[in-house]
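Analysis of the macromolecular model
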Amino acid sequence: QVQLVESGGGLVQPGGSLRLSCAASGSIFSIDVMGWYRQAPGKQREWVANIISGGTTSYVDSVEGRFTISGDNAKNTVYLQMNSLKPEDTAVYYCNAVIVTTRGSYARNYWGKGTLVTVSS
């Protein structure tokens with residue numbers, strides 16, 4: 001079993017910052033990709049950013065330059081530093097990971113339960 005647990009959401013004023021964390025635990029052989037998605041009220045879930053095992057990062061255009069994704073391999077944890085937050089960043093943020101649980105098995109996609117980020121004055 002694999003679990004992804006997010007933390008760090010909350011209420012912040014426009015222009016403020018938050019740091020999200022996501023820790024993966026359980027039966028983990030290797031982690032290929034970790035990343036973040038978000039779902040705003042009334043909208044579809046969208047990809048935000050990810051980091052692959054070699055350290056390469058990618059971002060959706062709307063957060064490029066404001067958000068930074070990073071990882072701690074020893075802790076199986078990924079972070080999302082969010083700066084210059086805007087009201088349109090308000091959403092439930094979900095952690096996502098592509099994980100191999102045992103040697104020789106296929107990688108599977110896992111999701112956290114989400115953490116709410118509200119940007120409002």
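Residues numbered from 1 in each chain as written. Predicted model: local features only at pLDDT ≥ 70, side-chain atom pairs only at ≥ 80, totals over all residues. Heavy atoms only, no water.

**So, the overall build of the protein chain**
Let me state the cut-off plainly: Where helices and strands are cited, they refer to DSSP runs of H or I of at least four residues and of E of at least two residues respectively, numbered from the N terminus. What the globule rule says is 2.2 Å times the number of residues to the power 0.38, and the radius of gyration is computed from C-alpha atoms. To sort residues, take the accessible area from a 1.4 Å probe on protein chains only and compare it with the maximum for the residue type: under 20% means buried, over 50% means exposed, and anything in between is partly exposed. Throughout, a contact is declared for two residues whenever any of their heavy atoms are within 4.5 Å. Areas reported as accessible are Shrake-Rupley estimates using a 1.4 Å probe. Residue values count occlusion only from the protein chains shown. In this tally Asp and Glu are treated as negative and Lys and Arg as positive; neither His nor the chain ends contributes. Working definition for charges: the position is that of NZ of Lys, CZ of Arg, CG of Asp or CD of Glu.
From N to C terminus, the protein chain includes zero helices and eleven strands. Across the protein chain, helices and strands are ordered from the amino to the carboxyl terminus as β-β-β-β-β-β-β-β-β-β-β. In terms of overall size, the protein chain behaves like a compact globule, its C-alpha atoms giving a radius of gyration of 14 Å where 121 residues would be expected to give roughly 14 Å. Here the C-alpha coordinates of the protein chain stretch approximately 50 × 25 × 25 Å along the principal axes. Within the protein chain, the fraction of its 121 residues that count as buried is 39%. In the protein chain, the proportion of contacts linking residues at least 24 apart, taken out of those at least 6 apart, comes to 56%. When the accessible surface of the protein chain is split by element, carbon and sulfur atoms take 47% of a total near 6,700 Å². One way to put it: in the protein chain the 10 positive side-chain charges average out to a point 6 Å from where the 8 negative ones average out.

**A look at the pairing of strand S4 (residues 30-39)**
To keep it simple, the criterion reads: By this definition, two strands are paired if DSSP reports at least two bridges between them.
As paired strands, S4 and strand S9 (residues 91-100) are joined by nine bridges and run antiparallel to one another. The partner of Ser 30 across the bridge, within S9, is Val 100. Bridging between S4 and strand S5 (residues 46-52) involves six bridges; their strand directions are antiparallel. By the bridge assignment for S5, Gly 35 is matched with Asn 50. Adjacent in sequence and paired antiparallel, S4 and S5 are bridged by six residues, among which Gly 42 carries a positive phi angle near 75 degrees.

**Quick word on the side chain of Ser 21**
Locating Ser 21 in the fold gives a position in strand S3 (residues 18-26). What makes Ser 21 buried here is its relative accessible area of 17%.

**A closer look at the packing of aromatic side chains**
Here is the rule we go by: Ring pairs are drawn from Phe, Tyr and Trp, using the six-membered ring of Trp, whenever the two centres fall within 6.5 Å, and their geometry is named by plane angle: stacked under 30 degrees, edge-to-face over 60, tilted for the rest. Lysine and arginine charges are scored as sitting over a ring when NZ or CZ, respectively, is within 6 Å of the ring centre and within 35 degrees of the ring normal.
Tallied over the full model, the rule gives one aromatic pair. With a centroid separation of 4.9 Å and an interplanar angle of 65 degrees, the aromatic rings of Tyr 37 and Trp 111 are classed as edge-to-face. One end of the pair, Tyr 37, is in strand S4; the other, Trp 111, is in strand S10 (residues 108-111), with 74 residues separating them in the sequence. The ring of Tyr 79 carries Arg 19 above its face, with NZ or CZ at 4.0 Å from the centroid. Lying across the ring of Trp 111, Arg 45 places its NZ or CZ 4.7 Å from the centre.

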